[in-house]
Structures are given as structure tokens and as C-alpha cells.
Amino acid sequence: DVKVTQSSRYLVKRTGEKVFLECVQDMDHENMFWYRQDPGLGLRLIYFSYDVKMKEKGDIPEGYSVSREKKERFSLILESASTNQTSMYLCASTSTGNIQYFGAGTRLSVL
Amino acid sequence: ILNVEQSPQSLHVQEGDSTNFTCSFPSSNFYALHWYRWETAKSPEALFVMTLNGDEKKKGRISATLNTKEGYSYLYIKGSQPEDSATYLCAPGESNYQLIWGAGTKLIIKP
């Protein structure tokens, strides 16, 4: 059974804190994605990675960075969290670029 | 592809009834369209990936059609059951890596 695991379901942080969201997949997929989902909007792509140490900006990369040191792990970093980064964050992975497999999401609140 | 619209935003359907909803998108630069089901507190799960104009796909009681020339896809659910309650997301894209996600149709099945 395929699995994408996000490290936290819920997270509460303070403005200015550095925040790490971790995502691990066990399917040996080359491609991994970070999205955010806000009420009334579709998923928006923050960053994606098509290989170890490779990354591409998505539609809304500002205020975020990513790290992919190992194939199975893709980390999203909020360098200095702000209240407008309060959101649901979803990680996904895919091999051929076909079906995306998602984690359960991390609901981040920045106070 | 810039703008994806899903309608209706939400839908209440009596158990046993059939229903359908729409995903509209600009037809230029189309490569593929994905449909996902997202149940509360779970991960989004892929239903279909469609690429060809006129494609029809089926999975149990759920089916989908695609018209790339006019820029729409329909999702049909036959004989709705409580477990069909979820938000249904469509995501067309110019590639499988860069999908543009609709805001979803929230389906609620009334027993």
C-alpha cells in the first residue's frame, strides 16, 4: 500500500519562527510536491522536486524554501512564519507524473 | 491553463439518487485532467486521469467524461451512497507536473 506521511497533522507556531514541514514517501517516486490549500481556493503549488537536490518553484514560492537531500524525503521550510501562511499544507508524490499520492495534510496555524 | 471552475460549489443529494458536477477550463495547451476525491480528515485520492478528447472513464459507480475542445469534464455518481460524501477536485494541466486545481465540489449525501 502506497504511503505518503506528513510529520504533523496540526501545528501551531508563532510569527517569526522557522517552521519545518516534513514529508516522506515509501514508493521510490522521483517527483514530490508541496501544496497549500485555503478555503474557497484550489490547491496551489508551492514547490516541486523532480530528483534529489533538484527543485522548481511553483505558483506561490514566496516565503518558502524546500530541501530534498534524500529521494524519499521532501521538506518545506518557512524561514520566518507569518500569519498569512496559516493554511493546510499537502505533500504529494508521483513517479511517472501520472497519479499523485497525497499525505493527510498538516494544518498550520501561525499566531 | 489559468482558470479552473468547478460547479456547483456544494451539493446535497439524497442517498440513492444520481448526481453529476462540472469542471470547466480553458481548452488551450491542455495535456491531462485529473479527478480526485478528498474525504474529510483523509488524503486526496485519485479517481481518474484523462487525456484524450471524448475519453470516458469508470470506477464502480463513478464515471467521468472529457471534452477538451470545449474545455469541460463531467463527473457522474450513480446511486449515491453515504461514503460518496467528499470534496471532488478536478485539476487540468499543461503537463502532469503542473496541474491547476479547481476549488472543488463538496458533495453531501443525505440518508
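About the cut-offs
Residues numbered from 1 in each chain as written. Chains lettered and ligands numbered in written order. Predicted model: local features only at pLDDT ≥ 70, side-chain atom pairs only at ≥ 80, totals over all residues. Heavy atoms only, no water. Helix = DSSP H or I, 4+ residues; strand = E, 2+ residues; numbered from the N terminus. Buried < 20%, exposed > 50% of the residue type's maximum accessible area, 1.4 Å probe, protein only. Polar contact = N/O pair within 3.5 Å; in protein donor to acceptor, adjacent residues only side chain to side chain. Contact = heavy atoms within 4.5 Å. Buried area = accessible area lost by both parts, 1.4 Å probe. Salt bridge = Lys/Arg side-chain N within 4 Å of Asp/Glu carboxyl O. Pairing = 2+ DSSP bridges. Axes fitted to C-alpha atoms, helices over the stretch in contact; angles between N-to-C directions. Disulfide = S-S within 2.5 Å.

Visitor: Explanation requested: the overall build of chain B in the structure shown.
Guide: When helices and strands are counted, chain B shows zero helices and ten strands. Going from the N terminus to the C terminus, chain B shows its helices and strands as β-β-β-β-β-β-β-β-β-β. Oriented by its inertia axes, the alpha-carbon framework of chain B measures out at about 40 × 25 × 20 Å. Burial analysis of chain B (111 residues in total) assigns 49% to the buried set.

Visitor: Can you walk me through the side chain of B:Ser73 in this structure?
Guide: Residues and elements named next belong to chain B. Inspection of the secondary structure assignment puts Ser73 in strand S8 (residues 72–77). Classification of Ser73 as buried rests on a relative accessible area of 0%. Looking at Ser73, its side chain comes within polar contact range of the side chain of Trp35, at 2.9 Å. Among the polar contacts made by the side chain of Ser73, one reaches the main-chain carbonyl oxygen of Thr65 at a distance of 2.6 Å. Those residues in contact with Ser73 that lie beyond four places of it in its chain are Phe21, Thr22, Cys23, Phe25, Leu33, Trp35, Met50, Thr65 and Leu66.

Visitor: When you look at the environment of B:Ser80 in this model, what are you seeing that I'm missing?
Guide: All names here are of chain B. Residue placement: Ser80 occurs in the loop between S8 and strand S9 (86–93). A residue is classified by how much of its surface remains accessible, and Ser80, at 0% relative accessible area, is buried. Remark: the alpha-carbon pair of Ser80 and Arg61, spanning 19 residues in sequence, is separated by 8.2 Å. Residues within four places of Ser80 in sequence aside, it is in contact with Val13, Gln14, Glu15, Gly16, Asp17, Ser18, Thr19, Arg61 and Ile109.

Visitor: Sorry, what's going on with the interface of chain A and chain B here?
Guide: Many descriptions give the size of an interface as the accessible area lost when the pieces come together. Counting from both sides, the interface comprises 22 residues of chain A and, opposite them, 16 residues of chain B. Approximately 1,600 Å² of surface area, both sides summed, lies buried where chain A meets chain B, with 58% of it carried by carbon and sulfur atoms. Applying the counting criterion to the chain A and chain B interface returns zero salt bridges. Summed over the shared surface of chain A and chain B, the result is four residue pairs in polar contact (both at pLDDT 80 or more). Listing elements by their share of the side of chain A that touches chain B, those giving two or more residues are strand S4 (31–37), strand S5 (44–51) and strand S9 (87–94) of chain A.

Visitor: Can you walk me through the sheet that holds strand S8 (residues 73–78) of chain A in this structure?
Guide: Strand pairing within a sheet occurs via backbone hydrogen bonds; the two strands may be parallel or antiparallel. Residue and element names in this part refer to chain A. If you walk across this open sheet you meet the four strands as S1-S3-S8-S7, and the pairing is antiparallel. A strand with exactly one partner marks an edge of an open sheet, and here the two such strands are strand S1 (4–6) and strand S7 (64–70). Here the strands of the sheet are splayed against their neighbours by 20° on average, with no regard to which way each runs. Direction of pairing for strand S3 (residues 19–25) relative to S8: antiparallel, over a ladder of six bridges. Bridging from a neighbouring strand, Cys23 pairs with Phe74 of S8.

Visitor: I would appreciate a short explanation of the state of the cysteines in the present structure.
Guide: Among covalent bonds in proteins, the disulfide is the one between the sulfur atoms of two cysteines. Applying the stated criterion to the full structure yields two disulfides over all chains. One disulfide in the model links A:Cys23 with A:Cys91; its S-S distance is 1.9 Å. In this structure, the disulfide formed by A:Cys23 and A:Cys91 twists by about -80° around the S-S bond and is classed as left-handed. Of this pair, A:Cys23 sits in strand S3 while A:Cys91 sits in strand S9, and the two are 68 residues apart along the sequence. For the pair A:Cys23 and A:Cys91, one class covers both residues: buried. What pairs with B:Cys23 in a disulfide is B:Cys90, and their sulfur atoms sit 1.9 Å apart. Disulfide B:Cys23-B:Cys90: the torsion about the S-S bond is 65°, which places it as right-handed.

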